Amino acid sequence: MGGLWHPGWRRVTFCGWRWIHPGSPARAAERVEPFLRPEWSGTGVAEKGLRWLGTWKHCSLPARHPALQPPRRPKSSDPFTRAHVEEWRQRNKTTLTYVAAVAVAMLGASYAAVPLYRLYCQTTGLGGSAVAGHASDQIENMVPVKDRIIKISFNADVHASLQWNFRPQQTEIYVVPGETALAFYRAKNPTDKPVIGISTYNVVPFEAGQYFNKIQCFCFEEQRLNPQEEVDMPVFFYIDPEFAEDPRMINVDLITLSYTFFEAKEGHTLPVPGYN
Amino acid sequence: MSTAMNFGTKSFQPRPPDKGSFPLDHLGECKSFKEKFMKCLYDNHFENALCRNESKEYLECRMERKLMLQEPLEKLGFGDLIGGKSEAKK
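Residues numbered from 1 in each chain as written. Chains lettered and ligands numbered in written order. Predicted model: local features only at pLDDT ≥ 70, side-chain atom pairs only at ≥ 80, totals over all residues. Heavy atoms only, no water.

The name recorded for chain B in an unreviewed UniProt entry is Cytochrome c oxidase assembly protein COX19, from Rhinopithecus roxellana. Quoted straight from UniProt, the Sequence similarities (unreviewed entry) entry for chain B says "Belongs to the COX19 family." (UniProt positions renumbered as here; feature names shortened; annotations may be inferred.)

As recorded in an unreviewed UniProt entry, chain A goes by the name Cytochrome c oxidase assembly protein COX11, mitochondrial, listed as coming from Rhinopithecus roxellana. Listed in UniProt under the heading Subcellular location (unreviewed entry), the comment for chain A reads: "Mitochondrion inner membrane". Its UniProt record gives chain A a comment under Subunit (unreviewed entry), which states: "Interacts with CNNM4/ACDP4. Interacts with RANBP2."

Now for the overall build of chain A. Broken down by element type, chain A carries five helices and nine strands. Shown N-terminal to C-terminal, the secondary structure of chain A runs as helices and strands in the order α-α-α-α-α-β-β-β-β-β-β-β-β-β. Carbon and sulfur atoms make up 58% of the accessible area of chain A, which amounts to about 16800 Å² in all. (Helix = DSSP H or I, 4+ residues; strand = E, 2+ residues; numbered from the N terminus. Areas by Shrake-Rupley, 256 points an atom, 1.4 Å probe, with all protein chains shown as cover.)

Moving on, we come to the pairing of strand β9 (residues 254-263) of chain A. Sheet topology note: the strand β1 (residues 150-158) of chain A/β9(A) ladder contains eight bridges and is parallel. Within β9(A), the residue paired with Val158(A) across the bridge is Phe261(A). (Pairing = 2+ DSSP bridges.)

Turning our attention to the packing of aromatic side chains. Summed over the entire model, instances satisfying the criterion amount to 18 aromatic pairs over all chains. With a centroid separation of 5.9 Å and 20° between ring planes, the pair formed by Phe236(A) and Phe78(B) is classed as stacked. In this pair, Phe236(A) sits in strand β8 (residues 230-239) while Phe78(B) sits in the loop between α2 (52-64) and α3 (79-82), so the two residues belong to two different chains. Of the two residues, Phe236(A) and Phe78(B), neither departs from the other in class, the shared state being buried. Taken together, Phe154(A), Trp164(A), Phe166(A), Tyr185(A), Tyr201(A), Phe218(A), Phe220(A), Tyr259(A) and Phe261(A) form an aromatic cluster joined through their ring pairs. (Phe/Tyr/Trp six-rings, centres within 6.5 Å; stacked < 30°, edge-to-face > 60°. Buried < 20%, exposed > 50% of the residue type's maximum accessible area, 1.4 Å probe, protein only.)

Written out as structure tokens, the structure reads:
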């Protein structure tokens with residue numbers, strides 16, 4: 001076949017490949033080939049032929065003797081382009097390395113975030129549950145903010161499988177931040193068997209919940225009620241005085257405390273923090 | 001508790017109480033103090049500030065009957081009610 005890369009066709013093949021971009025160089029060369037045989041008369045006809053193909057653009061075909069042409073290189077034929085390509089390849093590799101390093105760093109940061117965040121919460125006291133050492137000295141020294149009266153309303157719920165009668169003994173109470181307050185719930189076991197319940201609580205609105213501090217209550221611990229027994233369950237709490245200084249709490253005048261009792265079964269634990 | 005589909009929002013984290021849980025008063029030993037306190041609340045339209053004496057007495061009853069750990073009353077926020085009385089409890 002003489003090959004596509006016969007010196008006589010080299011330039012044309014290169015140009016053909018450039019124009020007829022989606023096609024393959026082989027097909028382009030095949031199409032162009034008849035017009036470029038040495039028998040064909042003159043370059044004018046060759047150019048006409050190429051024009052007929054409809055693909056002649058800026059490719060210039062200097063008439064060169066085949067023997068003088070430099071040894072072929074597949075994609076680029078001059079050192080400049082090859083150097084460019086090499087440089088691009090090098091740059092691409094560097095960029096890829098950087099991107100991969102950033103990805104790995106992000107992954108590592110996401111793993112490191114857990115202990116770091118816990119540390120941050122402990123030092124700044126945000127997030128509520130990781131606060132260390134805030135309780136009794138604060139109660140001793142806190143000053144009630146007398147001009148900010150908050151209504152606390154009480155709610156009581158029971159899980160469907162627990163047959164207790166559980167209800168608050170007061171529907172609401174008016175407190176001020178910084179003042180300790182006492183409230184009562186009542187629970188009665190109307191069945192003939194002792195029942196053990198365990199409770200958890202919820203405070204609405206959510207942002208006010210972080211200021212709601214319970215000194216002592218009856219939650220998170222198993223409470224046993226004998227048959228037909230009725231007990232009073234107190235909750236001793238206070239609202240943190242900083243509640244009055246929080247700008248987000250300006251419109252908060254009602255806080256609802258809601259307790260829910262569940263039946264405590266063997267091996268069944270509430271997914272809430274206990275302290276034992 | 002928080003319901004489902006709250007993936008992006010913060011959920012409520014219940015915190016354990018500072019001093020733990022009150023033992024249940026099965027024998028009703030402090031019931032009279034509780035009744036006094038509730039009556040005071042009802043009379044004063046549920047204002048806590050006016051019934052702090054009664055709540056202090058209820059907690060003192062609990063502490064006497066070992067239904068609550070002994071604590072100095074200042075630590076429970078009743079420092080202003082103690083006044084001249086020397087509470088040597090601890």
